[in-house]
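Each chain is listed here by its residues.
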Amino acid sequence: MKTLKVLSALLCYPQADMQAALDEMAEILNREKLLPEREQRALQAFMSRLERTDLMKLQERYVATFDRGRALSLHLFEHVHGQSRDRGQAMVNLLEIYRQHGFELGTRELPDYIPLFLEYLAQRPMGEALDMLADAMHVMALIGARLAERNSDYRAIFDALAALVGEPADIEDIRRQAATE
């Protein structure tokens, strides 16, 4: 599931090598054809904007979007557990899952970082990857709804993830929550 690897790369802090690989990423999405046409077009438009935009400006937008507050944190358990002790145990459990499958993290990476989680899922069999993604979809949908409220281009990534596994049953409540924050 290289599509998940592409989504992971698009959700990482923008770097020159990511910009240089956008055509290759588009080819992967076109070849795998896992996404519905609407989400595919939205991602293509997003990647086109990434390609045309100055790297420094992309980096500024990324930091302004994801690094200034908890609402759009790219750490799954931040949204589930906040700063409670439960977050630490959840990360230990996720790290153990990664290790069981030979997926080792760098010393500075947290296991609940969404791009890292997607990279891990990209290496797993499709059924298993989609099941784990579905388990995290409530958080993904909330982040996506918050991005939509802010008219952020990054919402295309979360829309694509939802297209892969479906939206949570309470998606309308999630959208209302995001709209009133």
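This structure is a prediction, so every number in the text was calculated from the model and none was measured. (Residues numbered from 1 in each chain as written. Predicted model: local features only at pLDDT ≥ 70, side-chain atom pairs only at ≥ 80, totals over all residues. Heavy atoms only, no water.)

### Looking at the packing of aromatic side chains
Operational definition: Between the rings of Phe, Tyr and Trp (Trp by its six-membered ring), a pair exists once the centres lie within 6.5 Å; its type follows the angle of the planes, with under 30 degrees stacked, over 60 edge-to-face, and the other angles tilted. Under the DSSP-based scheme used, a helix requires at least four consecutive residues in state H or I and a strand at least two consecutive residues in state E, with every element numbered from the N terminus. Between buried and exposed lies partly exposed: a residue is buried under 20% and exposed over 50% of the maximum accessible area for its type, with that area taken using a 1.4 Å probe on protein chains only.
Evaluation of the coordinates by the stated rule reveals 8 aromatic pairs. Between F66 and Y154, the aromatic rings sit 5.0 Å apart at their centres with planes inclined by 75 degrees, giving edge-to-face as the arrangement. Note that F66 is positioned in helix α5 (residues 55-66) and Y154 in the loop between α9 (126-149) and α10 (155-165), a separation of 88 residues in sequence. The exposure class assigned to Y154 is buried, which follows from its relative accessible area of 6%. Centroid distance Y98 to F103: 5.2 Å. Interplanar angle 75 degrees. Geometry classified as edge-to-face. Cluster of aromatic residues (ring-pair linked, three or more members): Y13, F46, Y62, F66 and Y154.

### Side note on the pattern of salt bridges
Formally: One speaks of a salt bridge when a side-chain nitrogen belonging to Lys or Arg is within 4 Å of a carboxyl oxygen belonging to Asp or Glu.
One pass over the full model with this rule turns up 12 salt bridges. For E39, the salt bridge goes to R38, with nearest N and O atoms at 3.7 Å. Between E128 and R124 there is a salt bridge whose closest N-O contact spans 2.8 Å. A relative accessible area of 27% means that E128 is categorised as partly exposed. Overlapping salt bridges bring together E167, E172 and R175 as one network.

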